[in-house]
Every structure is written in C-alpha cells, then in structure tokens.
Amino acid sequence: ANVYYNTIYVNSTGGKATGTSVSAVSRIATSPASLSVTMKDNILINANGTATSYAVYFPGTTGTLVSDYNDLYVTGTGKVGYWNATDETALLDWQTASSQDANSKSVSVTFVSSTDLHLLGASKGDWHLDGTPISGITTDIDGDTRTIPSMGADEPQVVTLTLAALLEAMYVGGTGGNMTTTPLVTIELHASFSPYAMVESNTAPLSKAGVGTFNF
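My aim in this report is to walk through the structure given alongside it, one point at a time. (Residues numbered from 1 in each chain as written. Predicted model: local features only at pLDDT ≥ 70, side-chain atom pairs only at ≥ 80, totals over all residues. Heavy atoms only, no water.)

### Observations regarding the pattern of salt bridges
When the charged atoms of two side chains lie near each other, side chains of opposite charge can form a pair.
Then step 1. What the rule picks out here adds up to one salt bridge.
Then step 2. The salt bridge partner of Arg 146 is Glu 155, with a shortest N-O separation of 2.9 Å.
Then step 3. You can call Arg 146 buried: its relative accessible area is 10%.
Then step 4. Taking the relative accessible area as the measure of exposure, Glu 155 reaches 0% and is therefore buried. (Salt bridge = Lys/Arg side-chain N within 4 Å of Asp/Glu carboxyl O. Buried < 20%, exposed > 50% of the residue type's maximum accessible area, 1.4 Å probe, protein only.)

### Regarding the sheet that holds strand β8 (residues 71-74)
Each strand in a sheet pairs with another by means of backbone hydrogen bonds, the pair being arranged parallel or else antiparallel.
Then step 1. Pairing within the open sheet is parallel, and its three strands lie in the order β2-β5-β8. Where the open sheet ends on each side, the last strands, each with one partner, are β2 (7-10) and β8. Neighbouring strand axes in the sheet, compared pairwise and without regard to direction, differ in orientation by 5 degrees on average.
Then step 2. The pairing of strand β5 (residues 43-46) with β8 spans four bridges and is parallel. Counted as the bridge partner of Ile 45 is Tyr 73 from β8. (Pairing = 2+ DSSP bridges. Helix = DSSP H or I, 4+ residues; strand = E, 2+ residues; numbered from the N terminus. Axes fitted to C-alpha atoms, helices over the stretch in contact; angles between N-to-C directions.)

### A look at the nonpolar core
Then step 1. Judged by nonpolar contacts, the single largest core of 17 residues is most densely connected at Leu 44, Val 56, Phe 58, Leu 65, Leu 72, Val 80 and Trp 94.
Then step 2. Counting residues per element, the ones that place at least two in this core are β3 (22-26), β4 (36-40), β6 (53-58), β8, β9 (79-83) and α1 (91-98).
Then step 3. Setting aside residues up to four positions removed in sequence, Phe 58 forms contacts with Arg 27, Val 37, Leu 65, Tyr 82, Trp 83, Asn 84 and Trp 94.
Then step 4. Listed in part, the eight residues of the second largest apolar core include Ile 43, Ile 45, Leu 129 and Met 151. (Core = buried A, V, L, I, M, F, W, Y, C linked by side-chain atoms within 4.5 Å. Contact = heavy atoms within 4.5 Å.)

### Details of the sheet that holds strand β10 (residues 86-88)
Then step 1. With respect to topology, four strands assemble into an open sheet ordered β3-β6-β9-β10, the strand pairing being mixed. On the outer flanks of this sheet lie β3 and β10, each paired with one strand and no other. Between one strand and the next, the sheet's axes are offset by a mean angle of 30 degrees, whatever the strand orientation.
Then step 2. Bridging between β6 and β9 involves four bridges; their strand directions are parallel. The partner of Val 56 across the bridge, within β9, is Gly 81.
Then step 3. Against the sheet, α1 makes contact with β6, β9 and β10, and its axis sits at roughly 20 degrees relative to β9, the strand it touches most.

### Focus: the side chain of Gln 100
Then step 1. If you trace the backbone, Gln 100 turns up in the loop between α1 and β11 (184-190).
Then step 2. Looking at Gln 100, the relative accessible area reads 18%, which means it is buried.
Then step 3. In terms of polar contacts, Gln 100 uses its side chain to reach the backbone carbonyl oxygen of Leu 65, at 3.2 Å.
Then step 4. Leave out the neighbours within four places in its chain, and Gln 100 touches Leu 65, Val 66, Ser 67 and Gln 95. (Polar contact = N/O pair within 3.5 Å; in protein donor to acceptor, adjacent residues only side chain to side chain.)

Right under this line is the structure:
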C-alpha cells in the first residue's frame, strides 16, 4: 500500500470513547503480516489533544513500513507515534523506535480553515514541508504542478515579487561619504482583507546605491 501526498487533519478535541485511541494514520492489528506500507510526503496532524491520540499508529512489527518526508504533528498530550505497543512521544522517539522518517518533521501547519486544507501564510513555501519527488506524480489535488515538491495534498503556488522602493534620508554618516552602518529594511506582506494580518516578512541590507534583495 502506497500512501503519498495526503493531508490528514484530525480536528476534534476529545470526543472519543474511553479506552480508545485516535490517529491520523493507523495500521490495524488484523492487517496481513505480509502487508507492506510506503508512506511519503504526507502531512499528518492530530489535534485531538488527548494522551491516546497519535499522528501515526502501528501496533505491531509484522509487515514492512517505509516512511519518510512526512510532517507528523500532534497537539496537547498527543503522541507522534505508536510502535510495537509503545507510545513514542516525540518525533525523535518515533524515529529511534521505528528506524523510519529520518527526513520527516513535526511542525504546526496553517490551513485556510479546518475544512479547507490548502496551505496558508507562512506554511506556503515553508522549507520544513519540503518533500521528495515521487515517480509518476507531477500534480497536486488542484492539478497544479508539483515543483518543490511539498508534503501534503496541496502544492503551494509561490509568487516571486520584484520590489522597487524609493527611499529617502537613508544615509548613515561617516567620513569621506562612507557609510559606517549598513541600513536594514524590512518589507511586510499583509493579507488584502481585514484585519490585514501579516503573512510574510523579509529583512535585507541596503547597498550604498540603496538596493536590497528581498526573498519571499
């Protein structure tokens, strides 16, 4: 079974029967011993927040798991993983126990909403979510071309901006017309709708000619 480029978000808080667990991805105990699972480029978030909530749940050691380049994230007292009857609290614990997910991350992700799992704000272009190419998969859930590619179902379409600004009174005095301090300029990009929240910012030094390069 191949599990590629999925975004799974368990967004309920509590609300499960006593003694049960909830996971973003689970291999059930009755799965065939020969079952092989390859899991790459997924965003698996469990926001249930309880002690028996997991990003990934593998109760035994039968079968084969190949897993890497995933975002495995939980909130509250949740655990990143469950491996061979043992809770693995943090990503490092899961990596050590399973010998998997060497290049995976455990980072929070900003979505458009709890029901619209397109990436938003700082999560667009976040290097933590850089995945690995999968042969034969070149587009995302919207039909957009996968370029980086990013983990999850949505490949964010990053916009490159070339900005020119006329800055006055930026000279920092020195002797002989030399600047003694390198001025720094910060450019912020804000949402176009109220409350106009900042979504990205970048700070760069200016040359003597007043030129700075800003990467978003």
